[in-house]
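# A look at the structure
Listed here are the chains, written in short residue letters.
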Amino acid sequence: MVRRDVEEGLIPAGGGPTLACCATPTGESPVPVGVGAPGSRPQAAEGDFHARAGRQKPVRRQLPRSGEQARGPQHEVKPAASTDLQPAGRAAHVTAKATSPGRVPKRAGDCGGVWGAARVQGVERNTRDPSALPESGQARSYKPKVKSRRAQRESEGIVVPLGAAQAVPAKAVGHNAAGGKGPCGGHVAGAGKRKGMAGQTGPNDPGGDEPRENVRQLQRQLWAAAKRAPARRFHALYDQLCRDDILHEAWKRVRRNRGAAGIDRVSVQDVEQYGVQRFLQELGDVLRAGEYGAQVVRRAYIPKADGAKRPLGIPTVRDRVVQMAAKLVLEPIFEADFEPCSYGFRPRRSATMAIERLRQLGNRGADHVLDADISDYFGSIDHDKLLTLMGQRVSDRRILKLVRQWLQAGVMEDGAVRHPVAGTPQGGVISPLLSNIYLHVLDRVWRRHGAHLGELVRYADDFVVMCRSAQACEEAQRRIEHVLGRLGLKLHPQKTRRVVLTQGREGFDFLGCHLHKRMSGRLWQQEGVRRYYLYRWPSRRAMNRVRGRVRELTPRGRCHQDVRSVIAELNPVLRGWGQYFGSGNAANHFIDVDAYVVRRLRSLRVKRAGRSLKAGQAQRWDREYFEHLGLYRLRGTIRYAGKPPGRKRESA
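Residues numbered from 1 in each chain as written. Predicted model: local features only at pLDDT ≥ 70, side-chain atom pairs only at ≥ 80, totals over all residues. Heavy atoms only, no water.

Moving on, we come to the packing of helix H18 (residues 563–581) against helix H19 (residues 587–609). Close contact between H18 and H19 brings their axes to 12 Å; oriented N to C, the two are set at 170 degrees. Taken together, the axis directions place H18 and H19 in an arrangement best described as roughly antiparallel. On H19, the residues that touch Val563, Val566, Ile567, Leu570, Leu574, Trp577, Gly578 and Phe581 of H18 are Phe590, Val593, Val597, Leu601, Leu604 and Arg605. Looking at the contact of H18 with H19, its residues break down into twelve nonpolar, one polar and one charged. (Axes fitted to C-alpha atoms, helices over the stretch in contact; angles between N-to-C directions. Helix = DSSP H or I, 4+ residues; strand = E, 2+ residues; numbered from the N terminus. Parallel < 35°, antiparallel > 145°, perpendicular 65-115°, else oblique. Contact = heavy atoms within 4.5 Å. Nonpolar A, V, L, I, M, F, W, Y, C, P; charged D, E, K, R; others polar.)

As structure tokens, then:
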């Protein structure tokens, strides 16, 4: 590094030309700089090197004289260069360096090479060249580093702020980002936020976290406004639905669900091949123009646990994106009104939380249970009553018109289109939200007029009332039937029953789990006290369902395939099933499922061996053998409810 020595060594005896004294060369290639040299800046006639070596106060800008052109702002100005001889900009400075009439002075004869170049460089080194900064910091500018260290354009042009807009080239900036500055130092006018849309010359990529954060901010604002004013009716929601970031987030969630194609046979993969950006842009234009219309849904059936078939209505990908966008806007408004007793199809709520609440109530003395189920709920929802309930919170007619289109959309089955007069098709994106809005009447009435009878725990159309007496359970059923009758609904006669949990007499099934009271053996052995707690484990239907799924993945025809490929297909099924039932008392059921999986895999190995099977070979294909090949093990994955998983006891 080139250092400045003491002031006494700067001026040679005899009044000769001023030269620099270099103590140690830095190993770089400094350019010979002297007074009047082409490679240096124009110097003042009577220069005071002692004053220029240190930090000075900024030179005040003066008004231009008559006939003199005003110079633009200089964001980084050295004290030695702040003279009238300094050109206005960097481009003029480069031109002055190239066209300077001065000649190059000779180097000192006693110092050649790098030493001589350092001596000729002088007191004030050329900061325009790529040389090292001095450690003393005297040659640094007095202005803040935010401006002095930023790369300036050749014409003292736009200052690009840090952020996403920095990646855009300087010549391609048509709309400068907020916080940028123009050539005169002022902020760019008309550069406001453009939600969900980049500049005209920048990229318009639907990916990234910024659109998602904008959607979350909108949802938080809607929820807070709805929570503060329970009687407020929201308008202008349709404009929020048409926002680009809302449509982008809706598309991401639809793609994540990986649904089937609708009546137009256009799948998610087809949209990706067509172009996601192009698809969303055209859909947004149609929505903003008011030309959107819901298409017919496709009828499909899936098997139920009791052997029946559940009808589904599958909308097109285009309709699913619009429904998801409407859900993103409407859900926070109604979430502010929903009761804590509702757990189905709500954010940050799950079926496991509903079952855990039942366990807590059962351990507190609620031994009488009303296990109820609504008969054909999704097919019995009255359209006019549903829209009336939505109108209590939403006054935007365009949103209500969209919901009516989805409710009255035709259903194509066996080539014929049928237009239902009631119900909402299962399989639609917005159907769970509409079902919760419709049954919110039951939750609200029960909180006001039935909470003294027992606590209601509802998951969609399945709900349970935990009571402390048989009379309260009967009265709860009578009041619920009355409320549902006002909504045009009725309880299922075969699936609705009253259960007595006292001393483990009976149990009931709810959300795939069987809940039953068992006596605590530890308290009986240690203290001789009979105390019953509500346990839960997989129901008989859940056990039959997982066995059937394992049987489908391990047919005898796959005996010639690699067993590791079969295990790779079994693991997601076992892992998902175990995570749902792993927070209860399902240790014995997990052992049974593990044993069943091992038997199925062993049968494949035996079938492949055939007549060449040796004595005792089948016994080697045990549980450890398949676990060594990567089989997921359910045994040992039980988590106690209400406690964080993975917390082990530290060894002493």
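Moving on from the coordinates now.
Before going further, it helps to spend a moment on helix H11 (residues 351–363). Here H11 contains 13 residues, and its C-alpha end-to-end distance of 19 Å stays within 8% of the 18 Å for a straight helix at 1.5 Å per residue. Looking only at H11, the buried set comprises Ala351, Ala354, Ile355, Glu356, Arg357, Leu358, Leu361 and Gly362. In this fold, the buried residues of H11 make contact with strand E6 (454–459), strand E7 (462–467), strand E9 (507–510), strand E10 (513–519), strand E11 (532–538) and H18. The first or second residue beyond H11 is Gly365, which carries a positive phi of 110 degrees. (Expected span 1.5 Å × (residues − 1). Buried < 20%, exposed > 50% of the residue type's maximum accessible area, 1.4 Å probe, protein only.)

We now examine the sheet that holds E10. Strand pairs in the sheet, formed through backbone hydrogen bonds, run parallel or antiparallel to each other. Ordered by their spatial adjacency, three strands build an open sheet running E9-E10-E11, and the pairing between neighbours is antiparallel. The open sheet is flanked by E9 and E11, the only strands paired with a single partner. Direction aside, neighbouring strands of the sheet carry axes that sit 30 degrees apart on average. Of the strand pairs in this sheet, E10 and E11 are connected by seven bridges, and their pairing is antiparallel. (Pairing = 2+ DSSP bridges.)

Let us look at the side chain of Lys517. Residue position: Lys517 is located in strand E10. A polar atom in the side chain of Lys517 sits 2.9 Å from the backbone oxygen of Gly362. Only 2.4 Å separates the side chain of Lys517 from the side chain of Asp367, close enough to count as a polar contact. Apart from the residues lying within four places of it in its own chain, the contact partners of Lys517 are Gly362, Asp367, Leu501, Gly504, Tyr532, Tyr533 and Leu534. (Polar contact = N/O pair within 3.5 Å; in protein donor to acceptor, adjacent residues only side chain to side chain.)

In this section: the pairing of E6. In summary, the side chains of a regular strand alternate between the two faces of the sheet. The buried fraction of E6 is high, at five of six residues. Across six bridges, the pairing between E6 and E7 is antiparallel. Paired with Val457 across the bridge in E7 is Val464. Between E6 and E7, which follow one another and run antiparallel, lie two residues, and Ala460 among them has a positive phi close to 60 degrees.

To continue, consider a positive patch on the surface. Together, Arg310, Lys495, Arg541 and Arg545 make up a region of like positive charge exposed at the surface. With respect to the helices and strands, the residue Lys495 is situated in the loop between helix H15 (470–486) and strand E8 (497–500). On the basis of relative accessibility, which here comes to 36%, the residue Lys495 falls in the partly exposed class. (Patch = residues over 30% accessible without salt bridge, like charges linked within 9 Å, V, L, I, M, F, W, Y side chains within 5 Å. Areas by Shrake-Rupley, 256 points an atom, 1.4 Å probe, with all protein chains shown as cover. Salt bridge = Lys/Arg side-chain N within 4 Å of Asp/Glu carboxyl O. Lys, Arg positive; Asp, Glu negative; His and termini not counted. Charge placed at Lys NZ, Arg CZ, Asp CG, Glu CD.)

Turning next to the pattern of salt bridges. Across all of its chains, the model carries 26 salt bridges by this definition. We note a salt bridge from Glu249 to Arg253, for which the minimum N-O separation is 3.2 Å. Remark: Arg253 and Glu249 occur in helix H7 (residues 244–257); sequence separation between them is four residues, near one turn of the helix. Exposure remark for Glu249: the relative accessible area of 4% places this residue in the buried category. Residue classification places Arg253 among the partly exposed residues on the basis of a relative accessible area of 26%. Here Glu356 ties to Arg536 by a salt bridge, and the two come within 3.4 Å at their closest N and O atoms. Of this pair, Glu356 sits in helix H11 while Arg536 is found in strand E11, placing the two residues 180 residues apart along the sequence.

One non-glycine residue, Phe345, lies in positive phi territory at about 55 degrees. Judged by relative accessible area, Phe345 falls into the partly exposed class, the value being 40%. Of note in this structure, Asp414 is not a glycine but carries a positive phi near 60 degrees. Turning to its location among the elements, Asp414 is positioned in the loop between strand E4 (411–413) and strand E5 (416–418). Classification of Asp414 by relative accessible area gives exposed; the value is 79%.

A few words on empty space enclosed by the protein. Tallied over the entire structure, the rule returns six cavities of 30 Å³ or more. In this structure, the largest cavity encloses a volume near 100 Å³. As for the largest cavity, its lining consists of 15 residues, of which Val297, Pro315, Gln323, Trp406 and Pro425 are closest to the centre. Of all the elements in the fold, those that place two or more residues in the lining of the largest cavity are helix H10 (317–335), helix H13 (397–407) and helix H14 (431–449). Its residues assigned to classes, the lining of the largest cavity comprises nine nonpolar, five polar and one charged. As for the second largest cavity, its lining consists of Thr352, Ile355, Cys513, Arg536, Trp537, Pro538, Tyr580, Phe581, Ser583 and Gly584. Taken together, the elements giving at least two residues each to the lining of the second largest cavity come down to H11, E11 and H18. It is E11 that provides the largest number of residues to the lining of the second largest cavity, a total of three residues. (1 Å grid on protein atoms, 1.4 Å probe; cavity = no way out; pocket = protein on both sides within 12 Å on 5 of 7 lines; lining within 4 Å. Points joined across faces, edges and corners; volume = space filled by probe spheres on them.)

Strand order in the open sheet formed by four strands is E6-E7-E3-E8, and the pairing between neighbours is antiparallel. If you trace the sheet from one side to the other, it starts and ends with E6 and E8, each paired once. Ignoring strand direction, the axes of neighbouring strands in this sheet form an average angle of 20 degrees. Relative to the sheet, H14 contacts E6 and E7, its axis offset from that of E6 by approximately 175 degrees. This element, H15, spans strand E3 (368–373), E7 and E8 of the sheet and lies at about 20 degrees to E3.

Attention shifts here to the nonpolar core. With 78 residues, the main nonpolar core has Leu237, Leu241, Leu287, Val321, Met390, Ile437 and Ile480 as its most contacted residues. Sort the elements by how many residues they give to this core and H10 lands first, with eleven residues. Excluding its chain neighbours within four sequence positions, the residues that come into contact with Ile437 are Phe334, Phe338, Leu386, Leu389 and Met390. Grouped together as the second largest cluster of nonpolar side chains are 49 residues, Ala366, Trp537, Val593 and Trp621 included. (Core = buried A, V, L, I, M, F, W, Y, C linked by side-chain atoms within 4.5 Å.)

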